Each structure stands twice: as C-alpha cells, then as structure tokens.
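Chain residues, written in single-letter form:
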Amino acid sequence: MLRFLLRRLLMLGPVLVGLTAIMFVIARLLPGDPVGLAAGPNATQAERAALAQEFGLDRPVWDQYLSYVAGLARGDLGRSLMTRHPVAEDIAIYLPATLELVLAAMALAIALGLPLGLLTALWQNRWPDRLGQVLAIGAISVPRFFLGLLLQLVFAMWLMWLPLGGQLPVVTLPPPRVTGLVTLDAALAGDWATLGAACRHLALPALALALSPLAAILRMMRASAIEVMAQDYVTAARALGLPRRKILIKTIGRNAVSATLTVIGLYFGWLLGGTVLVETVFDWPGLGLYATRAILSQDMMPVIGVALVTGLIFIAVNLAVDLAYGLIDPRVRYE
Amino acid sequence: MPPLMPPLLEIRDLHLTMATRDGPAQVLTGVALRIARGEIWGLVGESGCGKTLTGLSVPRLVPCPPAHYPAGEVRLDGEDLMALSERRMRALRGRRIGMILQDPATSLNPTMRIGDQLADVALAAARHDPALLGPGPARTAARALAATMLDRVGIASARQRLSAWPHEFSGGMRQRVLIAMALIGAPDLLIADEPTSALDVPVQAQILALMQGMAADRGLGMILITHSMGVVARACSHVAVMYAGSIVETGPVVEVLDRPAHPYTRALMAAVPGRHTPRGTLRALPGTVPDLLAAPPGCRFAPRCPRATPACRAARPPLRPLGAGHAVACAHPDAPAHG
Amino acid sequence: MTAGTRLPRPAARRPRALRRFGRNRLSLLGAGLVALVLALALFGPLLAPYPAHVAGGIDTAARFQPPSAAHPFGTNELGQDVLSLTLAGARVSVLAGFSVVLIGGTTGTLIGGIAGFLGGWIDEILMRLTDLMLIVPNLILAMTVAAVLGPGFQNMVLALALGWWPGYARLLRGEVLAARERPHVTAARAMGASQARVLVRHILPNCVSPVIVKMSLDMGFAILMVAGLGFIGIGVRPPVPEWGTMLATARAYMPDMWWVAMAPGLAIFVAVFGFNLLGDGLRDSLDPRGGR
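Quick caveat, the model's predicted, so the values are computed rather than measured.

**Q** I'd love a proper account of the UniProt feature "transmembrane region" (unreviewed entry) in chain C, names of residues and values included.
**A** Residue and element names in this part refer to chain C. UniProt annotation of "transmembrane region" (unreviewed entry) refers to residues 26–48, 94–120, 132–150, 219–237 and 257–279 when read in the numbering used here. For the annotated span residues 94–120, helix accounts for 96% and strand for 0% of the residues, and the straight-line distance between the end C-alpha atoms is 39 Å. Between the end C-alpha atoms of residues 257–279 there is a gap of 35 Å, over a span that is 91% helix and 0% strand.

Put into structure tokens, the structure is as follows:
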C-alpha cells in the first residue's frame, strides 16, 4: 500500500509537466494580445514592450515554458498580468472559497444521494422509484446557472430568507484566517454569529451546485444496489434472519457504495473545474471568478495555474477514492 | 413419537407458480413432506426440478412477485408459516430455521469480517431468544458465541479467525463458516441447498460428516438438497425424489435405495457410480425436465419414461404407500410391495 | 442452448433493441422532446410570432412587458418578444451541441481506434495525452480558447470540441482491444486483409453502438456547455439569439423582470432533458450491460 501511494505520487511529476505543456501550447499558440489588454488602450509602444519584457512574453515560447517548469519546482506559478501578483498567492486566496463550495455541495449530494439511491433500489420499478428516476434525469438536465437564478429569485428576492450572494454580509468582518474556509474558520474562532451568516450564504450556491452530482450519485447507487441485491449473500443474510435495517446498510449499502465511489471522485474533480457558472451567479469569490477574469483579459498564467491546481486536486481526490475503495472492500489489492 | 404431536416440518400440497415473460410457469405442483426432529432428508432431483425453490419456500425467501403460492401449507411444529406476517416470519429465520445456500464463495458478505457476520446473526437471533447469549453485554457474548461456533465447525484458532475476511478463507472453510452461521441461532430445522456441490471431492466428505455430526448433536431436522444419490446414500436417513415440481418417491433411505419403485429414481441411482460425472447428466435417461409453461396433464415424467402407457398421460398418479414409510407416485411401480 | 455458438447477427438484434426502446415510455417522451427541439432548430425562426425581433429589430415602446396573450413570456429590455427569441435560439444551441459532439466524437473515435489497433508506443503516447486531457478542466479550457479566438459560432464549437474527444478515445480503445480478439477479426487477418481494412471493415462497425449511446448522452451535456459559455459572455455574436446569452442579460433585471429569464432557462432544460431521456433509453436498449 505504501508502495502504491509512492508510485502514484511519483507519477504526479510527469503529469504536472504534461499538463503545463498542454496549457502552454493552447495559451501561447493561439492568437491574442494579452499585453495590449493589460497595458490598456492608451499605452505607448515602449510601455507595451516594457510590460512584455517584465513578464517574459518577448521570449520564445519554449524558453518561457522551460522557465515556467523550473519555477514550478519551487512552487512558483508565474505572475498575473492583471493583478500583478504572483499567481500562487492569488490562488491561495481564491481556492478556499471554491473548496468550501465544492465540499459543501458534495457533502449534500453524498448525504442525500446515497440513501435515496438505496431506497429507490428497494422500491425498484414501483412508482416512487420511477418518479425518482425521472426527477434524477431532470436534475441532471437543469443548467446550474439557471437553477442558481431561480433559487436567488425565490429564496433571496421573493421570500428573502437567504442572502443573494457573496460569502459574508458586507458589514461582517471575516473570521481570522486559519484554513481559509470561512465556515470552518468561524467555527474555530467560536464566532457562532459569523458561522451562521456564512452558512446562510453558502446554502444557495451549494444547493445549485449539488443537484446534478446528487442525481448522478443516486442513479449509480441505485444501479449498484440492485446488482448487489441479487447476490447470494443478501439472500443468505435474509435466510439467517438479520434485521432489515442491518441488511440494507451493512450488506447492501456497503457493497453498493464501493461502485459509487468512482462517480463521487469523478464528480468532485469535475465540480472543481465547473464552479465558474455558479460562482458568477452568486458572486462567490472563488477560483472560477478569478479564472474567468483572467480568461477575459487573456492573462494566461493564472489560467494555467488554476488548471494545474484543479488538476492536482482532481488527482488527489481520485487517489483518496482508490484508498477508500480498499477500506470498504478488503479484496482490493494495491499493485 | 406420540401420534397427536405435529411433526417438526410438514409441507402439504405446496403449489408455486412463477410469472415469466412467456406466462406463468407451474414450478411446484403439490409438494408434500413430513420431517421429524433427528431426521436428515435428502431432497434429490435434476436441476430445475424445484428442489431449491421448495427449500427456499420454507423460510419464505422466494420473492413474490414473480412467485405466487396458489395453494399449500408449510407447518413448523403445527404453525402454518404461509399465514404468518412477514414480521413474524423474520423472527423465525435464523432462529428456528437455519439455511445454507449453494455456493460458499458468494454467500458471505465480502465487505465484513467473519466474526462480525457471525455475531450479527447471533444478535438477530437473540432478539427473539435472549437466553441464547446468556448474561453480560450482548456484543461481547455474541462474539464469544461466534468463536465457540467456529471452533465447533472445526476451524482452528477460532478466536483469531474472527477478524479474518471471507476472501482469506478456502471454499471448504467458508462452508464451515456458513454452517456455523446457520446453526448459531440454535435452530430446530436446517435447510442446506447443495452444501457440497461447489467443493472439492475430499472436502465434500468432511463437510457432510460435519453436518451429520452437528445434526445428531442437536437433534436437528434437516433437509439436504442435492442432485446426487451418492450424497443421499452417505448422509441421509430419508429421501424424497423430486421431478418437475412434485415428489415422485419418498421413504427411508434404506427402503428407497434398496427397492426403488419409480423409474426416475432408478435412473438417478444409475448415475451414482460415476462420482466424477459432471453434474446434471443422467446417463440412463435421455431428455430433460419438461417445459413447465405448457405442462401436459398426467404424469410429468411420462415423456421420458420407458414404461409410460396412455393411462400415464391421462391422469397424474398420486403418492401411494408401499409400506414401511415408502411411497411412490407411479402407475407402474417397479418393485413389488412388501409382504 | 445449442444456438449459443452462433455469432450474434447485428441485423437480428436491432428489432429487439427497437422493441425494448419502444416499451420504455420515458425514452419515447425523450424522443418526442428531441424531435420537438430539432424541429425548432430547423423551423424556429419561422415559427416565431415576431420574426422582426429575431432579426434584431427592437421595440423600445414595449420594454419589459410582463407575460400576456401577445407575449406569453413577456418582452425584454429591448422590447423584443422573449418567446420569439427563445424559439429562434434553439438553432444555435442544437447545432453547436451537435457539432461539438460530432467533431469531438469523431476525433476521439479515430484517436482511440488507432491507439487500440496499433498498440505499442503510439498507443502509449496517445493514451497518455488522453489521460492528461481528461484532467484539464473542460469548461476552463473551452473558455480560454473561446475567449482568445473571440466570439462566434465556429470558435465556440472549436473551443468545446478541443476538450470533448478524450472520453471517446478511452471508450473506443477499450472496444477495439475487445473486438480484436473476436474470431471473425482473427479470421480476416489470417486471410491477409490489410490493417486499414481490418480496422474499418471489421472492428469499427462493432464499436458503433456504444459510441452512438455516448453521443446521445453527451448531446444534453454539450447544450449545457454551450449555454454556459453564452452565460459567461463568450458565445455567439450578440444579435444572434442564444439561450445562455439571453439568461446572462436577463440576470441584470432579475427580481422585477423575472420573466425574461424563464423562457430561455426552460428551453435549455427541455432540450437537455429530452436528450438525456433519449440517451438513457438508447443505452438501455442497445447496450443492456448498462456500461457508463
């Protein structure tokens, strides 16, 4: 198992280098005028040249790439033309908000998706199951940003139960930064009022983001639970008089979850790169907003940095999923 | 046994139809059995004859739908199980009726440790019979009982093995675990469906001996479902031969094996000597179990029977006693009656 | 079963798949919705009650009218009929979604097919590239490319297709590796068929149905991505009606003029829902193993 972990970690290096290569090719080979955009319309030729030189954009692409990779080894992700800050620092500011949103959404999706999937599997082909299936396909089909707008309209504007957007009320001072996750920091500081406010702000965007993974997890859990229910050990458990709850959770649930883990891992990574739309709707100060602003001004270093970091987290989550697989199913061997 | 006391298990005229895509199939057509404590019954027949469904029908484990029971009774100590609520039935499973399924490789939950699985069964049974675990915290007592049972079924260093995973055990050891699980609730009736078919030949004999011993120790009534007359001869006190959904010949093993009266029983016995013949092949008998969707009237064995007459195809022969507990459902039985 | 040794003939399988599909009412609903959306894509501008608005005409006197008989979904900030714009907007979404899936699917199929068929270092390189592309966040990639290339239908399709092929490459490679071992392929090889011929005539036809299933499941997703790009503001050029762009504009007038957002939002939902139901039904009937 240790060797398995080590080998997977060793593979990270080539993957990161490959990822930067792809992003570099895309970012640098496409036409575009990032320097012009960053310098502004009134900049003189000399000012542009100075800016290009400062950011190394006057050098050949391969040279830029090599120095980028060299910097990568030191944790240097380059500098943003737009904010003039090192990208790594910017990401450290924006990443926690996105992580908080994605974690909340996935927690919601898992907490509801797994039990609902198990239940609909039990009611297989009866009306609650059929209804659940239609609703699940429906949930996958709702555009997240439209769902976000609807939630805002109903809960924030008409009912006025929840705030419209942002991470905290403008007047509230954020809690001392420890993890960067506002809810967690507020809880650590023992500041319950701020925690409540943070949760209220988190509710709508998390819900908008959670719906489609919830449906996907539900469907996967249902399918694998139905498969598991046909297994001999389920009949055996019934024949031996185990209580229904125990059969459902320990026998069917445990065995069905392992197949669902893969979907959870995939969705986690996928959400991380897909919060852009929800962050735009809710003015959520996360990586997606940061990346969007950078993209619109053709400022490529932040874009590459964001792609790298989300890719890295994606890999880490899938590694965690592989490990969790082994925890649930002892037959899994790491080779 | 006093005449008025009901037998441990009595199945009367059990009918089972199964809804299939092509219409209802009559899978069981009037199965009847009487089993007393201490008796080991072999339920024998080709695959598809309904022996597994008969076994699963006793603890009511056949999913309905697609299955449906148009008629019949299953009485445990006189109480009709078919009339019980699902809740009451669940209280009997594992506690009064133990069950061992066909394939030990797939009958254990792969994601739970052996000891936890055994303890769960013990805890479930103890909910209906608190005396099972004795005093003290239930979880601890259940684990202790699990270790005792593992030891009893011949698994060495049982206490350590409680924390083993099913995949770490061989087929024979898993079957021992399943026997322990079936018996941990101290049932009165044990139903074992092909408990040895998936095992290697030397292990088969060990497992059969173990089951015989356990049954004798506890005065169990037992149904041993098998396709092999060899197993019946080795392990059973009584035998019921099934063909296409009903019992065609029944009686003490010594009687039936010495004087088989039904041509089908003879054919099954002819298949015995080749202990290594692949399962399901009957050398003496061409053809297969008939189509249960379009069952003809009359004896269902008639199309394959060397002695069938027009009368056989007209009406189904009932089980007729031949004496000494031996009975046969055949218009032209083979052996002469006793006397 | 004595018939078990015969190779399954695709022709004999198809009617059964069709019957299975027909039995499922949900897939029929999906097929109906898809037919509706396709009809809108073809004839939407003709069906629009106010064709002048579709062409870019405005009517400032009739700004922000709430839903009424004349304007079932109200009018927008330029006084244009929201229903007309939504009906006409089907064209961009469906056409773009379809192009993305077709281009991405074909590219991925070719790459996966070649990798699986040739094997060796070519397979190794192509699959490493595929794995890398799977890690790159799709939306960010598409946004980057679309932003640099500038707004426009072709640029948007290209941007999305660029990240769309890896799933197909993975799928096809697996199918090809399995198909290579089938008896009729070995036989064709033994008879001296050329590499290309074996691939095109004997292997690829066997991989058609999983690819079709994946394409139909991807259509809904592609429409969502197209609308997402439009919502961010990187889509088609403004006068052309497009659902995502319409939603982005509507958002600015949200609490009071809420109706401006309803029609395009619902249209996206209906189109995606239809394709998802259809794809699901197709998967169940063509690929009973129920692979992903």
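**Q** Let's hear about the UniProt feature "domain: ABC transmembrane type-1" (unreviewed entry) in chain A: which residues, and what values?
**A** Taken from the UniProt record, the annotation "domain: ABC transmembrane type-1" (unreviewed entry) applies to residues 95–325 of chain A. In residues 95–325 of chain A, the share of helix is 80% and the share of strand is 0%. The end C-alpha atoms are 27 Å apart.

**Q** Break down helix 9 (residues 192–229) of chain A for me, with residues and values.
**A** Residue and element names in this part refer to chain A. For helix 9, which comprises 38 residues, the first-to-last C-alpha distance of 44 Å sits more than 12% below the rise-based estimate of 56 Å (1.5 Å per residue). Along helix 9, the largest kink reaches about 40 degrees and is centred on Ala210; proline Pro213 follows within four residues of it. Among the 38 residues that make up helix 9, 27 are buried, leaving the element largely enclosed by the rest of the structure.

**Q** Tell me about the UniProt feature "domain: ABC transmembrane type-1" (unreviewed entry) in chain C, and name the residues and values.
**A** Under the UniProt annotation, "domain: ABC transmembrane type-1" (unreviewed entry) lies at residues 90–279 of chain C. Each end of residues 90–279 of chain C is marked by a C-alpha atom, and these two atoms are 19 Å apart; helix forms 81% of the span and strand 0%.

**Q** So, the interface of chain A and chain B: which residues are in play, and what are the values?
**A** Tallying the contact residues gives 21 residues for chain A and 25 residues for chain B. Put simply, the parts of the chain that give the side of chain A that touches chain B at least two residues each are helix 10 (232–239) and helix 11 (244–272) of chain A.

**Q** Can you lay out the arrangement of the chains for me, pointing to particular residues and giving the numbers?
**A** There are 2 pairs of chains in contact here; the most contacts are made by chains A and C. Across all C-alpha pairs, the smallest distance from chain B to chain C is 12 Å, and the two are not in contact.

**Q** Would you mind going over the interface of chain C and chain A in detail, with residue names and values included?
**A** At the interface, 36 residues of chain C touch 40 residues of chain A. Counting residues per element, the ones that place at least two in the side of chain C that touches chain A are helix 5 (120–135), helix 6 (138–149), helix 11 (208–232), helix 12 (243–251) and helix 13 (259–286) of chain C. Residue classes in the side of chain C that touches chain A are distributed as 27 nonpolar, 7 polar and 2 charged.

**Q** Could you give me a rundown of the UniProt feature "transmembrane region" (unreviewed entry) in chain A, with the residues and numbers involved?
**A** All names here are of chain A. On the UniProt side, "transmembrane region" (unreviewed entry) is annotated at positions that read residues 9–30, 101–122, 134–161, 202–221, 256–282 and 302–328 here. End-to-end, the C-alpha atoms of residues 134–161 are 29 Å apart, and along that stretch the chain is 82% helix and 0% strand. Secondary structure content for residues 256–282 is 89% helix and 0% strand, and the end C-alpha separation is 35 Å.

**Q** Tell me about the nonpolar core, residues and numbers included.
**A** Within the largest apolar cluster, 278 residues are counted, with the highest numbers of intra-cluster contacts made by B:Ala122, B:Ala146, B:Ile184, B:Leu224 and C:Leu160. In terms of residues, this core owes the most to one element, helix 9 of chain A, which gives 19 residues. Residue contributions to this core reach at least three from each of two domains, namely domain 1 (9–236) and domain 2 (246–272 + 283–328) of chain B. The residues touching B:Leu224, leaving out its near neighbours within four places in the chain, are B:Ile40, B:Trp41, B:Gly42, B:Leu43, B:Ala192, B:Val231, B:Ala235 and B:Cys236.

**Q** Can you tell me about the pairing of strand 11 (residues 320–323) of chain B, naming the residues and giving the values?
**A** Residue and element names in this part refer to chain B. Looking at chain direction, strand 11 and strand 12 (residues 326–328) are connected through 3 bridges and run antiparallel. Within strand 12, the position partnered with Arg320 by the bridge is Val328. Here strand 11 folds back onto strand 12 in antiparallel fashion, the turn holding 2 residues, of which Ala324 has a positive phi close to 55 degrees.

**Q** Mind laying out the sheet that holds strand 4 (residues 67–76) of chain B, listing which residues take part and the relevant values?
**A** All names here are of chain B. Pairing in this open sheet of 4 strands is antiparallel, and the strands run 2-1-4-5 from one edge to the other. Only two strands of the sheet have a single partner each, and these edge strands are strand 2 (23–35) and strand 5 (79–80). The pairing of strand 4 with strand 5 spans 2 bridges and is classified as antiparallel. Counted as the bridge partner of Leu76 is Glu79 from strand 5.

Rules used in this analysis
- Residues numbered from 1 in each chain as written.
- Chains lettered and ligands numbered in written order.
- Predicted model: local features only at pLDDT ≥ 70, side-chain atom pairs only at ≥ 80, totals over all residues.
- UniProt positions renumbered as here; feature names shortened; annotations may be inferred.
- Helix = DSSP H or I, 4+ residues; strand = E, 2+ residues; numbered from the N terminus.
- Expected span 1.5 Å × (residues − 1).
- Bend = angle between axes of the 7 residues up to and from the residue.
- Buried ≥ 20, exposed ≤ 12 C-beta atoms within 10 Å, placed from the backbone.
- Contact = placed C-beta atoms within 7 Å.
- Nonpolar A, V, L, I, M, F, W, Y, C, P; charged D, E, K, R; others polar.
- Core = buried A, V, L, I, M, F, W, Y, C linked by C-beta atoms within 7 Å.
- Domains from an automatic or database assignment.
- Pairing = 2+ DSSP bridges.

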